Amino acid sequence: MSEVDSGMSKTLHNGLQILELLVAHPQGMTLTEIAEGVGVHRTVAHRLVRTLEAHRLCRRDRFKRISLGTGLVRLAEPVEQDLRTLARPVLEELTDLTQATAHLVVREGADEVRMLMIVEPRQARMHVSFRPGQVDPIDRGSAGLALLSAAPAAEGEREEVALARKRGFAVSYGEIAPSIIGISAVVPGRDVSIGLSLFSAPDEESLGRTVVDAAQRLGSLLR
């Protein structure tokens, strides 16, 4: 956690620290754990959490565990609107070409990725369906593997990451959902990946090149 200096609001600083803690603990935290994590008295933590709850930035479940609230999605909307606007026609073209579900995924910190947008095929008899906003570990699934492959090789990284770095796209099998194949490529210069989710992929190389082309087109639009 960063330190507060004389030019900062300590109360606001502590409130933001709570949000950062909750990002790192998606399963939720108790009030005592939050107080200890921020380094404040439990009474202070209670007031901070109540304020965040009033703005729907956090919430409590029936076990009184505190987690991030839906208000954060509304705050993030304007920041990601341009990305979604530019990505939609690229994803629509990708799904029309492949008759598979296309997705746009963004990196969330060091360890997670979030599904920002889904475009489903309009005429396919069967297709994969996901919920936008879904958060997954960055080292599971083609979207996260593609993002990891954009960085230099790291000790202990999965073989799939090294292969994705070599091929230009990542492939995963049943890592996010059973029996679903993922093929993703990173958008150049961005912590964003574009990909496909399919029931079968008879020609991975061809599909991979198609995804790479889509990622490069979006990269050009974002410059």
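Rules and cut-offs
Residues numbered from 1 in each chain as written. Predicted model: local features only at pLDDT ≥ 70, side-chain atom pairs only at ≥ 80, totals over all residues. Heavy atoms only, no water. Core = buried A, V, L, I, M, F, W, Y, C linked by side-chain atoms within 4.5 Å. Buried < 20%, exposed > 50% of the residue type's maximum accessible area, 1.4 Å probe, protein only. Helix = DSSP H or I, 4+ residues; strand = E, 2+ residues; numbered from the N terminus. Polar contact = N/O pair within 3.5 Å; in protein donor to acceptor, adjacent residues only side chain to side chain. Contact = heavy atoms within 4.5 Å. Axes fitted to C-alpha atoms, helices over the stretch in contact; angles between N-to-C directions. Left-handed = near helix turned anticlockwise from the far one by under 90°. Nonpolar A, V, L, I, M, F, W, Y, C, P; charged D, E, K, R; others polar.

Colleague: Explain the nonpolar core to me, using residue names and the numbers behind them.
Modeller: Residues L83, L104, I183, I194, L196 and L218 are the most contacted members of the largest nonpolar core, which totals 30 residues. Top contributing element to this core by residue count: helix α7 (residues 204–221), with six residues. Membership of the second largest hydrophobic core comes to 17 residues, among which are L31, V40, L52 and C58.

Colleague: Give me the side chain of E204: which residues, what numbers.
Modeller: In this fold, E204 is placed in helix α7. There is a polar contact of 3.5 Å between the side chain of E204 and the side chain of R167. For E204, the side chain forms a polar contact with the side chain of Y173, separated by 2.2 Å. The contacts of E204, once residues within four sequence positions are left out, are R167, F169, V171 and Y173.

Colleague: Break down the packing of helix α1 (residues 10–24) against helix α2 (residues 31–38) for me, citing the residues and quoting the values.
Modeller: Contact geometry for α1 and α2: axes closest at 10 Å, N-to-C directions at 115°. Crossing of α1 against α2: the hand is right-handed. Seen from α1, the contacting residues are N14, Q17, I18, L21 and L22; seen from α2, they are I34, G37 and V38. Looking at side-chain class alone, the contact of α1 with α2 contains five nonpolar, three polar and no charged residues.

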